[in-house]
Every structure is written in structure tokens, then in C-alpha cells.
Amino acid sequence: MRALELGTAGELRERLNALVLAGQKTATTGLLAEYVEETEGLEFAGERLALLGSDRDHVATIEIIGVELTTFGDVTWEHAKAEGEGDRSLEEWRTGHSRFWDAIGTPVDEDTRLVCLTFGLVTPS
């Protein structure tokens, strides 16, 4: 089973995982360039992934419902809201995600290719 690690290890990952476990977070977004760099194939509908904590412990199992390739400028409010992180608008989502990717050294612009995943919680560990 492949794994999914949300955000960066530490407080951010623990907060995001808690949102998944509470049923509030049913989507996430990644950079297509990271898939290419890691030579990892895209997730697919029906695939189950181990959701990992900061210590790489298995926190839960999720099932992928949908995979969409898009650009940063074309992410929909529906997807952003499903990320469940409390953003009140698409602009707020874009600002937060742009800040996150800038901080880890991968700045984005309107044309940056993204992978938008939607998922459901199968079972907590």
C-alpha cells in the first residue's frame, strides 16, 4: 500500500491528519512536479493509501475518490473548501498554499501544474 503524507512533518501534519480523522478534510493538492521528481505515478480512484503521521506511523487508511490535473489558477472553490482547512474564500486558499510552497522552496504561479485529490476515510488505525 502506498502512503500519503500531508503537509510537512510536525504540527502542520498532525493538524491536517486530525482534520481527516474528523471528516473535515476530504481533499488535498500536490505539485505535479513532485510526482515527476519522485518518479511516482498518480493515485487513481479506488486506490487505498496509508495516511502517515510525522513519525511515519500509520494513522488511517483513505480511499481515493477522484484525481484531477489542473493548474494553480484553475483550482475550484469546491476543491479548496473540501481541503477543510478553514479557508473562507478561494483567494485565501491560494494565498495560504502559495505561502506554503514558497516556504518549502517551490514557488507557484497561475500556470503551475497541480494534482487535486479527493478521498474518503476508510478506517482510522
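Here the structure is shown first, and the text comes after it.
Presented here is an overview of the structure given in this document. In this text the structure is predicted, and so the values were computed from the model without any measurement.

A count of helices and strands for the protein gives 4 helices and 5 strands. Listed by position from the N terminus, the elements making up the protein come as β-α-β-α-β-β-α-α-β. Relative to its length of 125 residues, the protein is compact, with a C-alpha radius of gyration of 14 Å against a globular reference of 14 Å. Viewed in the frame of its principal axes, the protein has a C-alpha envelope of about 35 × 30 × 25 Å. A burial count over the protein gives 39% of its 125 residues as buried. Put simply, 71% of the contacts in the protein that link residues at least 6 apart link residues at least 24 apart. With an accessible surface of roughly 6800 Å², the protein has 51% of that area assigned to carbon and sulfur atoms. The distance from the centre of the 11 positive side-chain charges to the centre of the 24 negative ones in the protein is 4 Å.

Moving on, we come to the packing of aromatic side chains. The tally for this structure, following the rule as stated, stands at 3 aromatic pairs. Taking the centre distance of 6.2 Å and the plane angle of 70° together, the rings of F72 and W101 count as edge-to-face. Taken together, the residues span a long stretch of sequence, with F72 in the loop between β4 (58–71) and α3 (77–82) and W101 in helix α4 (residues 90–103) at a distance of 29 residues. Of the two residues examined, F72 and W101, each falls in the buried class. The rings of F72, W93, F100 and W101 are connected pair by pair, giving a single aromatic cluster.

Attention now moves to the sheet that holds strand β3 (residues 48–52). Strand pairing in a sheet is mediated by backbone hydrogen bonds. Such pairs are either parallel or antiparallel. Strand order across the open sheet formed by 5 strands is β1-β3-β4-β5-β2, with mixed pairing between neighbours. A single partner strand is all that each edge strand has here, and the edge strands are β1 (3–4) and β2 (27–31). Inspection of the sheet shows β3 paired to β4 by 5 bridges, in the antiparallel sense. Looking at β4, one finds that L49 is bridged to I62.

Cut-off values and rules
- Residues numbered from 1 in each chain as written.
- Predicted model: local features only at pLDDT ≥ 70, side-chain atom pairs only at ≥ 80, totals over all residues.
- Heavy atoms only, no water.
- Helix = DSSP H or I, 4+ residues; strand = E, 2+ residues; numbered from the N terminus.
- Rg over C-alpha atoms; globule rule 2.2 N^0.38 Å.
- Buried < 20%, exposed > 50% of the residue type's maximum accessible area, 1.4 Å probe, protein only.
- Contact = heavy atoms within 4.5 Å.
- Areas by Shrake-Rupley, 256 points an atom, 1.4 Å probe, with all protein chains shown as cover.
- Lys, Arg positive; Asp, Glu negative; His and termini not counted.
- Charge placed at Lys NZ, Arg CZ, Asp CG, Glu CD.
- Phe/Tyr/Trp six-rings, centres within 6.5 Å; stacked < 30°, edge-to-face > 60°.
- Pairing = 2+ DSSP bridges.

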